[in-house]
Amino acid sequence: KNREEAMQPIYYIINGKKIAFVSATRAEKYILTPEAKEDQPGVLRTYDSALVLECIRDAKANSDFVIAYVHWGTEYSPHRDQHQDVLGKEYIDAGADVVLGGHSHCLQGIEFYNGKPIVYSLSDFWFNARTTDTALLRIKISSDSAKHNTTVEYLPCVQKGVHTRLVLEEQEKQRILNYIEGISFDVKIDENGIATPIEE
C-alpha cells in the first residue's frame, strides 16, 4: 500500500530458524511496476540501493537467515549486467545470506561472494508456452552452526507448453548443469547439482 509496507521483510520459521525474505526490483521502470511512495502503492525499487540495503539490515537484525530476491538483469541475456554484479555484493555486505535473481527469462550463472551465493537468474518457473531450460534451487541451511553454512543445489527443469517439469533423464539433466556451470563464475557444479566455489 505504501513504501513502508513495500520495505517490510517477510518472515518464516523453519525448523526453529527464522528466515527473512526481502524483495525488490530493478526492471520495468516505466511499465506495470510503479515505485511505492510514502502514501502511494507500488513496489520497492533498487535503482538506488539505499532503501533495499536498509531492508536487508533490518531483516538481518531480526532473523537467523536472509534471502534477498531481486527482479533484475537484461531479458534473454545469459550474462549478468554490471549493476547485478555490484548490487549482489552490496546486498551480501549488508547482511543477505543468499541473493536470488529473476527477470531475464533465461538461466544466468552463480557466484560465491564471501562464501555466500549470488544466483543471478533461475530463468522462468512458469511464464508462457515457450520451451526453455530453467531450474529450481534447493538451499539447505545447516542447523548446527552459528555461521549457517549453506548447500546450494540446482534441480534442472524444462518449461514447455505452460508446464515446468523436473528433468529426470540423466544426460539431459547433466546438459543443463554443465550449461549453468559454464556461465558461472569460479564455481563447480557436480553431477548432483551441488554448486561450490572453486578455491584459488
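Residues numbered from 1 in each chain as written. Predicted model: local features only at pLDDT ≥ 70, side-chain atom pairs only at ≥ 80, totals over all residues. Heavy atoms only, no water.

A. Molecular detail of the overall build of the protein chain. Counting secondary structure elements, the protein chain contains four helices and eleven strands. Relative to the compact-globule value of 16 Å for 200 residues, the protein chain shows a C-alpha radius of gyration of 17 Å, a close match. In terms of overall dimensions, the protein chain has C-alpha extents of about 55 × 40 × 30 Å along its principal axes. The buried share among the 200 residues of the protein chain stands at 44%. Here the analysis covers contacts within the protein chain between residues at least 6 apart in sequence; of these, 55% occur between residues at least 24 apart. Accessible surface computed for the protein chain: about 10900 Å², of which carbon and sulfur atoms make up 51%. Averaging the positions of the 22 positive and the 30 negative side-chain charges in the protein chain gives two centres separated by 2 Å. (Helix = DSSP H or I, 4+ residues; strand = E, 2+ residues; numbered from the N terminus. Rg over C-alpha atoms; globule rule 2.2 N^0.38 Å. Buried < 20%, exposed > 50% of the residue type's maximum accessible area, 1.4 Å probe, protein only. Contact = heavy atoms within 4.5 Å. Areas by Shrake-Rupley, 256 points an atom, 1.4 Å probe, with all protein chains shown as cover. Lys, Arg positive; Asp, Glu negative; His and termini not counted. Charge placed at Lys NZ, Arg CZ, Asp CG, Glu CD.)

B. How the structure looks around the packing of aromatic side chains. Under the counting rule described, the total for this entry stands at four aromatic pairs. When the ring of Y12 is compared with that of F21, the centres are 5.8 Å apart and the planes differ by 90 degrees; the resulting orientation is edge-to-face. Judged by relative accessible area, F21 falls into the partly exposed class, the value being 34%. With a centroid separation of 5.9 Å and 25 degrees between ring planes, the pair formed by W72 and Y120 is classed as stacked. Linking W72 in the loop between β3 (65-71) and α3 (82-94) with Y120 in the loop between β6 (116-119) and β7 (132-141), this pair joins segments that are 48 residues apart in sequence. Each member of the pair, W72 as well as Y120, is classed as buried. Connected via pairs of aromatic rings, a cluster forms that spans W72, Y91, Y120 and F185. For K18, the ring lying beneath its charged end belongs to Y11, and the centroid distance is 4.5 Å. Seen from the ring of F185, R80 lies directly overhead, with NZ or CZ sitting 3.8 Å from the centre. (Phe/Tyr/Trp six-rings, centres within 6.5 Å; stacked < 30°, edge-to-face > 60°. Lys NZ or Arg CZ within 6 Å of the ring centre and 35° of its normal.)

C. A look at the environment of S23. Summarising the element assignment, S23 is placed in strand β2 (residues 17-25). Along the primary structure S23 and K37 are separated by 14 residues, whereas in three dimensions their C-alpha atoms are 16 Å apart. When neighbours within four sequence positions are excluded, S23 is seen to be in contact with L44 and Y69.

D. Quick look at a nonpolar patch on the surface. On the surface, F125, W126, L136, V162, L166 and L168 cluster together into a nonpolar patch covering about 660 Å² of accessible area. Counting through the fold element by element, F125 comes out in the loop between β6 and β7. Judged by relative accessible area, which is 53%, F125 ranks as exposed. (Patch = residues over 30% accessible without salt bridge, like charges linked within 9 Å, V, L, I, M, F, W, Y side chains within 5 Å. Salt bridge = Lys/Arg side-chain N within 4 Å of Asp/Glu carboxyl O.)

E. Spatial organisation of the sheet that holds strand β5 (residues 110-113). The strand order across the open sheet formed by six strands is β1-β2-β3-β4-β6-β5, and the pairing between neighbours is mixed. Each edge of the open sheet carries a strand with a single partner, namely β1 (10-14) and β5. Within this sheet the neighbouring strands show an average axis-to-axis angle of 20 degrees, counted without direction. Its contacts with the sheet put helix α2 (residues 50-61) on β1, β2, β3 and β6, and the angle it makes with β2 is roughly 175 degrees. (Pairing = 2+ DSSP bridges. Axes fitted to C-alpha atoms, helices over the stretch in contact; angles between N-to-C directions.)

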